[in-house]
Amino acid sequence: MLKGKHIILGITGGIAAYKSAMLLRLLIKRGAEVQVVMTPAAKEFITPVTLSALSGKPVISQFFTANSGEWHSHVDLGLWADLMLVAPATASTLAKMATGVADNMLVTTYLSAKAPVMVAPSMDLDMFAHPTTARNLETLRRDGVEIIEPGSGELASHLIGKGRMAEPEEIVERVEAFLEARNAGIAGKSDSDMKGQRWLITAGPTFENIDPVRFIGNYSSGKTGFDLAAEIAERGGEVLLVAGPVTIPTPESPLVKRINVRSAVEMYEVCLKEFEMCDGAIMSAAVADYRPEKCAERKIKREGEEELTLHLVRNPDIAASLGRIKGDRFLVGFALESDHELENACSKMERKNLDCIVMNSLRDGKCFNVDTNSITIINRDLARKKYSAMDKRELARLIVENIIDEQKRKKKEN
Ligand code: C5P
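Below or above, wherever it landed, is the structure these notes cover. (Residues numbered from 1 in each chain as written. Predicted model: local features only at pLDDT ≥ 70, side-chain atom pairs only at ≥ 80, totals over all residues. Heavy atoms only, no water.)

On to the overall build of the protein, then. The helix and strand tally for the protein stands at 13 helices and 19 strands. Taking the principal axes of the C-alpha coordinates as reference, the protein spans close to 80 × 65 × 40 Å. Long-range pairs, those at least 24 residues apart, make up 68% of the contacts in the protein between residues at least 6 apart in sequence. Split by element, the accessible area of the protein, about 20,300 Å² in all, is 51% carbon and sulfur. Looking at the protein, you have 54 positive and 57 negative side-chain charges, and the mean spots of the two groups are 2 Å apart. (Helix = DSSP H or I, 4+ residues; strand = E, 2+ residues; numbered from the N terminus. Contact = heavy atoms within 4.5 Å. Areas by Shrake-Rupley, 256 points an atom, 1.4 Å probe, with all protein chains shown as cover. Lys, Arg positive; Asp, Glu negative; His and termini not counted. Charge placed at Lys NZ, Arg CZ, Asp CG, Glu CD.)

Below, the structure is given as structure tokens:
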């Protein structure tokens, strides 16, 4: 997969720089040609000699070579690369990249790079959790940089938390998946792909009230739906984002309008009213299947009661309801299956009259509240596209790209 690919490996001054040697070896083993660019601070953690021996190229860290005065062109380097990967990426380098502080060769190269950029952050847990770092990462994400999330575990400070650079094997897997996805045609994105279209997107969980202070809910963060809204808006489409109770911010675009709902019934009512005015809908919400038959008017007391029985009734199936009235609108659903994944997803697509279904795979039993996901997109003709773990924002791009392709195909057929 990486055969012949030109990769700039940016190394910054963090403890995890020792893992960069292994990462470099893995990239070379997979056939990549790698040019290492280090920040001055990185040399305190790993020597350029090790890296130049492994890469077979002199390491670049200054604008000039001291004794010969040779100038290193960050512009040429930026054009040469198929990918720039910064691993480890310290809080300081991320901040410089987010704000354009080009005071070293690595950040200068980043600003000149025409190729996609990936970063693998590495820092102490408090630095990673700091709002400044979160803000910088969000800026980079919006600028199109792919973030390889750090893992949790024991850090160099001996504290335990999130901030540990992803392992080299995982980084290489992510690089391969990312380049594979781009080869699949994402590079051809335009800001008018969806111009003139209006899309309905459901996102997040629903909360079903038991009494004035309690509810039945689930762990859905709404991230997938919000990323899909951002992606459609970036391509010029209007989005009506019908969001259950979530805490994440609405994508910053005048094309995205958000309507907040709480329960499945509220979500159903908004969707049924709005769908007619839309070109399509993406049902990414984790809608509660059942709700308490009655919401108690007062807080339910436990005094004297050993047990409490809640009587639940079925919620409306929003996707299936839209499927019944969709006409030539495009309808996308999601499936999260624990067994017979493919069979169940395909029969769900049929039952709900969807044009396409996105099958989520559980990772260590998880899919909600994680930043990466593995998906398979299945179209009505049962053609399948499988993508391994990658950032949800990148997955949103793939899903929207598939919708555009399918819309074109449908148009040709008619
Ligand atoms: O039937 P199941 O819940 O597995 O189907 C998942 C798909 O159907 C998702 O796209 C989800 O958003 C949608 N759905 C819905 N209304 C429901 C239940 C699921 O729109 N009540």
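Our focus in this paragraph is the side chain of Thr-202. Here Thr-202 is to be found in strand β8 (residues 198-203). When its relative accessible area of 1% is taken as the criterion, Thr-202 is described as buried. (Buried < 20%, exposed > 50% of the residue type's maximum accessible area, 1.4 Å probe, protein only.)

Here the focus is the sheet that holds strand β1 (residues 6-11). If you trace the five strands from one edge of the open sheet to the other, you get β2-β1-β3-β4-β5, paired in parallel fashion. Each edge of the open sheet carries a strand with a single partner, namely β2 (33-38) and β5 (146-147). By the bridge criterion, two bridges tie strand β4 (residues 117-121) to β5 in an arrangement that is parallel. Bridge assignment links Met-118 to a residue of β5, and that residue is Glu-146. (Pairing = 2+ DSSP bridges.)

The next thing to look at is empty space enclosed by the protein. This model, assessed by the stated rule, comprises two cavities of 30 Å³ or more. Contributing to the lining of the largest cavity are Arg-141, Gly-144, Val-145, Glu-146, Asp-391, Arg-393, Glu-394 and Arg-397. For the lining of the largest cavity, the leading source of residues is helix α13 (residues 392-413), giving three residues. Grouping the constituent residues of the lining of the largest cavity by class yields one nonpolar, one polar and six charged. (1 Å grid on protein atoms, 1.4 Å probe; cavity = no way out; pocket = protein on both sides within 12 Å on 5 of 7 lines; lining within 4 Å. Points joined across faces, edges and corners; volume = space filled by probe spheres on them. Nonpolar A, V, L, I, M, F, W, Y, C, P; charged D, E, K, R; others polar.)

The next subject is the state of the cysteines. Summed over all chains, the structure comprises zero disulfides. Cys-271 takes part in no disulfide bond, and the closest cysteine sulfur, belonging to Cys-278, lies 8.9 Å away. With no disulfide of its own, Cys-346 has Cys-356 as its nearest cysteine by sulfur position, at a separation of 11 Å. (Disulfide = S-S within 2.5 Å.)

A word on the packing of aromatic side chains. This structure, assessed with the given rule, holds two aromatic pairs. With a centroid separation of 3.9 Å and 10° between ring planes, the pair formed by Phe-207 and Phe-215 is classed as stacked. Relative accessible area serves as the criterion here: at 15%, Phe-207 is assigned to the buried category. Over the face of the ring belonging to Phe-275 we find Arg-329, whose NZ or CZ atom lies 5.1 Å from the ring centre. (Phe/Tyr/Trp six-rings, centres within 6.5 Å; stacked < 30°, edge-to-face > 60°. Lys NZ or Arg CZ within 6 Å of the ring centre and 35° of its normal.)

Here the amide bond leading from Ala-87 into Pro-88 is cis, since omega sits at 0°, within 30 degrees of zero. Looking at the element boundaries, Pro-88 is found in strand β3 (residues 83-89). The phi angle at His-340 is positive, at roughly 45°, despite the residue not being glycine. Tracing the backbone through its elements, the reader meets His-340 in the loop between β16 (330-336) and α12 (341-351). One non-glycine residue, Leu-382, lies in positive phi territory at about 70°.

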